[in-house]
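# Reading the structure
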Number of protein chains: 2
Amino acid sequence: MFIYLHEISNMNQIIEIERMEKAAYTLKAISNGTRLCVISLLSQKEEMNVSQLGEELNCEQSLLSHHLTDMRAKGILNCRRDGKNCYYSLKNKQMIQIIDCIRTCNCV
Amino acid sequence: MFIYLHEISNMNQIIEIERMEKAAYTLKAISNGTRLCVISLLSQKEEMNVSQLGEELNCEQSLLSHHLTDMRAKGILNCRRDGKNCYYSLKNKQMIQIIDCIRTCNCV
DNA sequence: CAAATATATGAACATTTATTCATATTTAAA
DNA sequence: TTTAAATATGAATAAATGTTCATATATTTG
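Description of the structure in this document. All figures in this text were calculated on a predicted structure; none of them were measured in a lab.

### Comments concerning the environment of Cys 79 of chain A
Residues and elements named next belong to chain A. Among the secondary structure elements, Cys 79 is positioned in strand β2 (residues 77-82). Note on Cys 79: relative accessible area 24%, which makes it partly exposed. Considered as a pair, Cys 79 and Leu 90 are eleven residues apart in the sequence and their alpha carbons are 8.8 Å apart. When sequence neighbours within four positions are dropped, the list of residues in contact with Cys 79 reads Arg 72, Cys 86, Tyr 87 and Tyr 88.

Written out as structure tokens, the structure is:
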């Protein structure tokens, strides 16, 4: 089955959709209270290990680990092992902007 | 059952968690390719009716309607009826910032 | 090496979100 | 005043996310 380009009403629009899909993928990965708190904490503290995060967030070990593992898999966090501990940090400092944006945005 | 304030390790943290939960609520409501496209379009065009949005987004009528209704219910969009048409617009212009933020953020 | 600590993993289940389909509602126009 | 157009709604289902629990892995320490 063939698709002719002229049948596509607006090529730019299609590319925009693709970008928005990609953005949605990242947004989904942070659209959760616990995850946003992790990002917020890491925007202040550069690096924290899982136990530290767990204490601050009052989040059960396994659940937090799942969140962290997933955020890491989706390119939001970095992880570095030091002995028994794993230190997480923001992969992309820009992510803080989203938190700031949410903070200043009067919708929140 | 009583809760004593001194048992709460960090009151600010708790408030932060609450804020992040609220932020997550809004973020969830926009963390979808189609929804982000709606916001993006409305950041350029002020107002669009459902048919116009449907054409641009190549999205089935009922599905789009569900998205719009939900975004409206969650305080993201406004809706105004004019004859047979319903015109949607951004309730909060600030929402554009999130789109911009996503655009410039190199994570996307 | 055995025990303890920190963290990860996988499976099962619960909850949310997305999608489809059929039908209802509203308004305009023939 | 029936018909068509634009949009909404609800129920059913599918797919994605969140949560829990039991257990695994890695590392350190006695």
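Past the structure itself, the notes keep going.
### Considering the protein's contact with DNA strand C
The environment of DNA strand C is formed by 22 residues, the closest being Ser 51, Ser 62, His 66 and Tyr 88 of chain A together with Ser 62 of chain B. In this structure, Ser 62 of chain A approaches DNA strand C through a side-chain N or O atom, which is 2.8 Å from a base oxygen. With respect to DNA strand C, the side chain of His 66 of chain B contributes an N or O atom lying 3.1 Å from a base oxygen. At the level of elements, α3 (50-57), α4 (61-73) and β3 (85-90) of chain A together with α4 (61-73) of chain B are the ones that each hand at least two residues to the surface near DNA strand C. Sort the elements by how many residues they give to the surface near DNA strand C and α4 of chain A lands first, with five residues. A class-by-class count of the residues in the surface near DNA strand C yields four nonpolar, 13 polar and five charged.

### Side note on the pattern of salt bridges
Residue and element names in this part refer to chain B. Applying the stated rule across the entire model yields eight salt bridges over all chains. In this structure, the salt-bridge partner of Asp 70 is Arg 35, at a minimum N-O distance of 3.0 Å. Of this pair, Asp 70 sits in helix α4 while Arg 35 sits in helix α2 (residues 33-45), placing them 35 residues apart in sequence. On the basis of relative accessibility, which here comes to 23%, the residue Asp 70 falls in the partly exposed class. We classify Arg 35 as buried; its relative accessible area is 11%.

### Comments concerning α4 of chain B
Residues and elements named next belong to chain B. Across its 13 residues, α4 extends 18 Å between first and last C-alpha, which sits within 8% of the 18 Å expected from 1.5 Å per residue. Considered for burial, the residues of α4 that qualify are Leu 64, His 67, Leu 68 and Met 71. Viewed end-on, α4 has its buried residues packed into an arc of 95 degrees, placing them on one side of the element. The exposed residues of α4 that point more than 90 degrees off its buried face are His 66 and Ala 73. Regarding α4, its N-cap is Glu 60, as a side-chain oxygen of that residue lies 3.2 Å from the backbone nitrogen of Ser 62 further along.

### Here's the deal with the relation of the copies chain B and chain A
The two copies are related by a screw operation: chain B maps onto chain A through 180 degrees of rotation and 0.0 Å of translation along the axis, at an RMSD of 0.0 Å. What the rotation and shift describe, once combined, is the action of a two-fold rotation axis. Mapped onto chain A, 100% of the interface residues of chain B again fall at the interface, so both copies present the same surface.

Rules behind the numbers
- Residues numbered from 1 in each chain as written.
- Chains lettered and ligands numbered in written order.
- Predicted model: local features only at pLDDT ≥ 70, side-chain atom pairs only at ≥ 80, totals over all residues.
- Heavy atoms only, no water.
- Helix = DSSP H or I, 4+ residues; strand = E, 2+ residues; numbered from the N terminus.
- Buried < 20%, exposed > 50% of the residue type's maximum accessible area, 1.4 Å probe, protein only.
- Contact = heavy atoms within 4.5 Å.
- Near = heavy atom within 4 Å.
- Polar contact = N/O pair within 3.5 Å; in protein donor to acceptor, adjacent residues only side chain to side chain.
- Nonpolar A, V, L, I, M, F, W, Y, C, P; charged D, E, K, R; others polar.
- Salt bridge = Lys/Arg side-chain N within 4 Å of Asp/Glu carboxyl O.
- Expected span 1.5 Å × (residues − 1).
- Arc of directions from axis to C-beta.
- Least-squares fit on C-alpha atoms with pLDDT ≥ 70 in both.

As far as function goes, none of this settles anything; it's purely spatial.
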